[in-house]
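Listed below, chain by chain, are the residues.
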Amino acid sequence: MSGLSDSSACLLWQAAGRSAVVLPPGTIVLTRPLVFNTSDQWAPGLKLEGAGVGVTVLDNRVENSAAVIARSVAKYHFQLGGWIRDLTINTSTHPLNSSGIEVEGVYNFVVDSVWIDGMSGDGMVNTNLMMDGDAAIELQVLNSWFLNNKGHGFNSHFGFCNNSRGCTTPNVQSSFATFKNNYFSSNQKPALRYMGLNGVLEGNGFTTNPAGGLLIDYSGSNNAQITATANSFENNGSPAIDIRSAIGAHFTETEIAQSVPQEFPSTMGIAVGTQVLD
């Protein structure tokens, strides 16, 4: 798998074996998504590991999908554990509606030391199509970079319910998500769109995101809860922090700075409102 040919089939075969997929150094071309689906309760989650950021590179050429997908397809039957770590996802072809990583129905899944750059959609998405039945629980996003994506850097709610999969109301209750020591820059939509309960943001940096750094949004039936400590917001568009709906949002040791005011004029630090996005 050197990037000289399409490596999608080889990766799909490895992932189907439910063992850890260890990727070598080099550029690996994906023209089809690497999808790891499960339906059994507590089935082992996807384990995808590279040789390091900038050392193992997935060249995302997949249209209308994420490059890598970890997903449970059965309601209330979650994948347990798993990780994606130590690699870069970028693109040489900029396919339409393409994201880097998608997770759905995962429990205690970790994304660590991943660089996602230049997606035409979101950098990473947490999909919910079956209400609480496929909401991520204890998702951890650590030490990663979300850069130059046309959508959000991270979108914690991608898609409302799909009636064919048992959902009747737009409701997502992702719980205990942790974002720690990540960097978000130059994403065209608010860099981190958060929905869910008991979320934790710690030590993240948000810079030059034209639509703002953090959007705390409404799930369709539940307000968000989040605790944020030691995060930095610098030179983002207005507002830097947009609280649309929250039952509890606690910010400590938070820096909001605008050292280049001409880049995004008339900026605001924190906005609190009740607008609901779809």
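To keep things clear, this report deals only with the structure shown in the data block. (Residues numbered from 1 in each chain as written. Predicted model: local features only at pLDDT ≥ 70, side-chain atom pairs only at ≥ 80, totals over all residues. Heavy atoms only, no water.)

1. Describing the sheet that holds strand β11 (residues 106-107)
The condition is simple: Note on pairing: two strands pair once DSSP finds at least 2 bridges between them. The way it works is that DSSP assigns letters per residue, a run of H or I at least four long becomes a helix, a run of E at least two long becomes a strand, and they are numbered from the N terminus.
Taken in spatial order, the three strands line up as β4-β8-β11 in an open sheet, and their pairing is parallel. Bordering the open sheet on either side are β4 (43-44) and β11, each of which pairs with just one other strand. Pairing analysis gives two bridges linking β4 to strand β8 (residues 79-80), with the strands arranged parallel. Looking across to β8, one finds that Ala43 is bridged to Gln79.

2. Points about the environment of Ala249
Here is the rule: Contacts between residues were defined by any pair of non-hydrogen atoms, one from each residue, lying within 4.5 Å.
Position of Ala249 among the secondary structure elements: in strand β26 (residues 246-252). With 50 residues separating them along the chain, Ala249 and Gly199 place their C-alpha atoms 9.4 Å apart. Look past the residues within four positions of Ala249 in its chain and what remains in contact with it is Ile216, Ile226 and Ile243.

3. Looking at unusual backbone geometry
The amide bond that connects Ser238 to the next residue, Pro239, takes the cis arrangement and shows omega of -10 degrees. When you line up the elements, Pro239 lands in the loop between β24 (232-234) and β25 (241-243). In this structure, His94 takes a positive phi of about 55 degrees despite not being glycine. Structurally, His94 is set in the loop between β9 (83-90) and β10 (99-104).

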